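Chain by chain, the residues run as shown.
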Amino acid sequence: MSGLFVVFEGGDSVGKSTQVDLLDGWLTTQAIAHRTTRQPGGTEVGAELRRLVLDPVFGDVSPRAEALMYAADKAQHVHEVIAPALRRGEVVVSDRYVLSMIAYQGAGRELEMDDIAHIGWWAVGGLRPDLTVLLDADPDEAVARIADKDRLEQAGLDLHHRARGFFLDQAAADPGHFLVLNARDTREAIAAAIQERISALLADRA
Ligand SMILES: Nc1ncnc2c1ncn2[C@@H]1O[C@H](COP(=O)(O)OP(=O)(O)OP(=O)(O)O)[C@@H](O)[C@H]1O
Ligand SMILES: [Mg+2]
């Protein structure tokens, strides 16, 4: 007996959390058992790991150590939160998941994307989402929605373009498990498309 695992991915400020909230509300009105969660994952172990990664007291944390700590956070999050809810048959909605780790740790750093992908999927025990909603936007335009465009260096912007390309490639390689939506559409149009797809997935399982 397993639930439905839905993940939101995409660049910064594309509206992921907005849509997670809207989906949360819709699932509630449909009386569908569900829980929303986010990565990094909010477990006690995960919070400690994040503290370790971010605490300036530790100075220069190696990129490999950092990747492994983020992976450990994911492993605990799946173990403690996501997998038990799926076993109870719930819809689990996660704001970011493994692809974000690969996109941001693997693109632009000194680590190989393939290595990060391997570590990330290993950490979550190979648990793949049933559906990944990719909110897609041109980073140049998405950045314009954020406050201060001038403060973003070109290097940062390149990373966001690479991350976008990575997300789109993943979706193109596995279209049955992705829903790619234009993040510049209205909140309501995006939410309606997500609800339609999830309704169909739930109907298939009934
Ligand atoms: N479809 C939309 N059209 C216009 N603005 C939107 C849309 N969806 C969300 N927003 C606005 O864009 C901003 C970023 O939204 P949100 O916080 O949901 O994005 P996010 O992807 O979760 O960002 P982050 O990467 O920082 O977590 C918010 O001010 C939100 O109200
Ligand atoms: Mg968010």
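This is a predicted model, so every value here is computed, not measured.

### Regarding the pairing of strand β1 (residues 4–10)
Counting buried positions along β1 yields seven of seven residues, so the element is predominantly enclosed. Here β1 shows a buried face lined by Leu 4, Val 6, Phe 8 and Gly 10 and a second buried face lined by Phe 5, Val 7 and Glu 9. Looking at chain direction, β1 and strand β3 (residues 91–95) are connected through five bridges and run parallel. Counterpart to Phe 8 in the pairing with β3 is Asp 95. With five bridges connecting them, β1 and strand β4 (residues 131–136) associate as parallel partners. Its bridge partner being in β4, Phe 8 is matched across the sheet by Val 133.

### Details of the side chain of His 34
By the secondary structure assignment, His 34 is in strand β2 (residues 34–38). Polar side-chain contacts of His 34 include one of 3.5 Å to the side chain of Thr 28. A polar atom in the side chain of His 34 sits 2.7 Å from the backbone oxygen of Ile 32. Sequence-distant contacts of His 34, defined by excluding residues within four places in its chain, comprise Asp 24, Leu 27, Thr 28, Glu 90 and Val 91.

### Re the site of ligand 1
Around ligand 1 sit 14 residues, and of these Ser 13, Lys 16, Ser 17, Thr 18 and Asp 185 come closest. A distance of 2.7 Å separates an oxygen atom of ligand 1 from a polar side-chain atom of Lys 16. At a separation of 2.8 Å, an oxygen atom of ligand 1 approaches a polar side-chain atom of Ser 17. Burial of ligand 1 by the surrounding chains reaches 64%, relative to a free accessible area of 630 Å². Of all the secondary structure elements, the ones that give two or more residues to the shell around ligand 1 are α1 (16–29) and α8 (187–205). The leading source of residues in the shell around ligand 1 is α1, at three residues.

### Overview of the packing of aromatic side chains
Under the definition given, this model contains four aromatic pairs. Pairing Phe 5 with Tyr 97 gives two aromatic rings, centres 4.9 Å apart and planes at 85 degrees, and the pair type is edge-to-face. Pair noted here: Phe 5 is in strand β1 and Tyr 97 is in the loop between β3 and α4 (98–106), with a separation of 92 residues, a long-range link. Comparing Phe 5 with Tyr 97, the two get one shared label, buried. Ring centres 6.1 Å apart and planes at 50 degrees place the aromatic pair Phe 166 and Phe 167 in the tilted group. Residue Phe 166 is classed as buried on the basis of its relative accessible area, which comes to 11%. Three or more aromatic residues link up through ring pairs in this structure, and these residues are Phe 5, Tyr 97 and Trp 121.

### So, the environment of Leu 179
Structurally, Leu 179 is set in strand β5 (residues 178–182). The exposure class assigned to Leu 179 is buried, which follows from its relative accessible area of 13%. For Leu 179, the contacting residues outside a window of four places in its chain are Leu 131, Thr 132, Val 133, Leu 134, Ala 193, Ile 194 and Arg 197.

### Some remarks on the sheet that holds β1
Where strands meet in a sheet, backbone hydrogen bonds hold them as pairs that are either parallel or antiparallel. The five strands lie next to each other as β2-β3-β1-β4-β5, forming an open sheet whose pairing is parallel. Each edge of the open sheet carries a strand with a single partner, namely β2 and β5. Taken pair by pair, the neighbouring strands of this sheet meet at an average axis angle of 20 degrees, ignoring direction. In this sheet, β3 lies alongside β2 in parallel orientation, the contact comprising five bridges. In the sheet register, Arg 38 faces β3, and the bridge partner there is Asp 95. Lying over the sheet, α8 contacts β1, β3, β4 and β5, oriented at roughly 165 degrees with respect to β5.

Criteria and thresholds
Residues numbered from 1 in each chain as written. Chains lettered and ligands numbered in written order. Predicted model: local features only at pLDDT ≥ 70, side-chain atom pairs only at ≥ 80, totals over all residues. Heavy atoms only, no water. Buried < 20%, exposed > 50% of the residue type's maximum accessible area, 1.4 Å probe, protein only. Helix = DSSP H or I, 4+ residues; strand = E, 2+ residues; numbered from the N terminus. Pairing = 2+ DSSP bridges. Polar contact = N/O pair within 3.5 Å; in protein donor to acceptor, adjacent residues only side chain to side chain. Contact = heavy atoms within 4.5 Å. Near = heavy atom within 4 Å. Areas by Shrake-Rupley, 256 points an atom, 1.4 Å probe, with all protein chains shown as cover. Phe/Tyr/Trp six-rings, centres within 6.5 Å; stacked < 30°, edge-to-face > 60°. Axes fitted to C-alpha atoms, helices over the stretch in contact; angles between N-to-C directions.

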